[in-house]
Amino acid sequence: MRISTRLFTVAAIVSLTAMLGIPSPASADAATDSRILSLTSSSLFARGAFGSPWKVGDCHLEFPSYVYIESGTTRVHVHAVSDTDFTRHADVWHSQLVFMDAQQRVVASVGSTGESPLDSPNMVPAEGDEGPSIVYEWDHVVVVPNGIPSRAVFVRWLSAC
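A covalent bond bridging the sulfur atoms of two cysteines is what the word disulfide describes. Counted under the stated rule, the structure contains one disulfide. Here Cys59 engages in a disulfide with Cys161; their sulfurs sit 1.9 Å apart. The S-S bond linking Cys59 to Cys161 shows a torsion near 50°; that makes this disulfide right-handed. Taken as a pair, Cys59 in strand 5 (residues 59-70) and Cys161 in the segment after strand 10 (154-160) lie far apart in primary sequence, 102 residues in all. Look at Cys59 and you get buried, because its relative accessible area is 0%.

Structure, rendered in structure tokens:
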């Protein structure tokens, strides 16, 4: 029975870490990551706000980046501010949004961490053929044919650079 208790404890810590959006350890050269955001309701939209810089590979997602579901529609809107530390051609912030219910079961998904309608613009070097980019502010709206169910309370924002 001790093994079951330890397994339960580990599972509880992992679940709590995921619910709080605490990033898991990653290698320095990792180019993928995800964050879980809580969706809060208002009369206009449900919104998961992203409040601190997030680094994936050479790319950064900066404040005030967020995702919201337009109330009464099938539209998901991503507003983002991004840049890259270094590129030889162009870096892209790829995004996938996975909407989950209170038990963290998937209820809808948009985009992918490959080529996605939620991708940033090409972040090219600010000067010359290589180096850091300027800061890009961008918006994408994606129509989800069946909409996002009202039971969605979390969104996992998966990203790659």
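Read on for the rest.
To continue, consider the sheet that holds strand 1 (residues 32-38). Paired through their backbone hydrogen bonds, the strands of a sheet run either parallel or antiparallel. Taken in spatial order, the four strands of this open sheet run 1-10-7-8, and their pairing is antiparallel. Of all strands in the sheet, those with a lone pairing partner are strand 1 and strand 8 (106-111), marking the two edges. Averaged over all adjacent pairs, the angle separating strand axes in this sheet is 20°, with direction ignored. Note that strand 7 (residues 94-100) and strand 10 share seven bridges and pair antiparallel. Paired with Met100 across the strands is Phe154, a residue of strand 10.

This brings us to the nonpolar core. The biggest cluster of nonpolar side chains holds 27 residues, and the ones touching the most others in it are Val78, Trp93, Leu97, Phe99, Ile148 and Trp157. Broken down by secondary-structure element, the contributors of at least two residues to this core are strand 4 (54-56), strand 5, strand 6 (75-84), strand 7, strand 8, strand 9 (136-143) and strand 10. Looking at this core, the element that brings in the most residues is strand 5, giving four residues. Leaving out residues up to four positions away in the same chain, Phe99 has contacts with Leu39, Ile69, Val76, Arg105, Val106, Val107, Ala108, Val110, Ile148, Ala152, Phe154 and Val155.

Parameters at a glance
- Residues numbered from 1 in each chain as written.
- Predicted model: local features only at pLDDT ≥ 70, side-chain atom pairs only at ≥ 80, totals over all residues.
- Heavy atoms only, no water.
- Disulfide = S-S within 2.5 Å.
- Helix = DSSP H or I, 4+ residues; strand = E, 2+ residues; numbered from the N terminus.
- Buried < 20%, exposed > 50% of the residue type's maximum accessible area, 1.4 Å probe, protein only.
- Pairing = 2+ DSSP bridges.
- Axes fitted to C-alpha atoms, helices over the stretch in contact; angles between N-to-C directions.
- Core = buried A, V, L, I, M, F, W, Y, C linked by side-chain atoms within 4.5 Å.
- Contact = heavy atoms within 4.5 Å.

The quantities given are spatial measurements derived from coordinates; they are silent on function.
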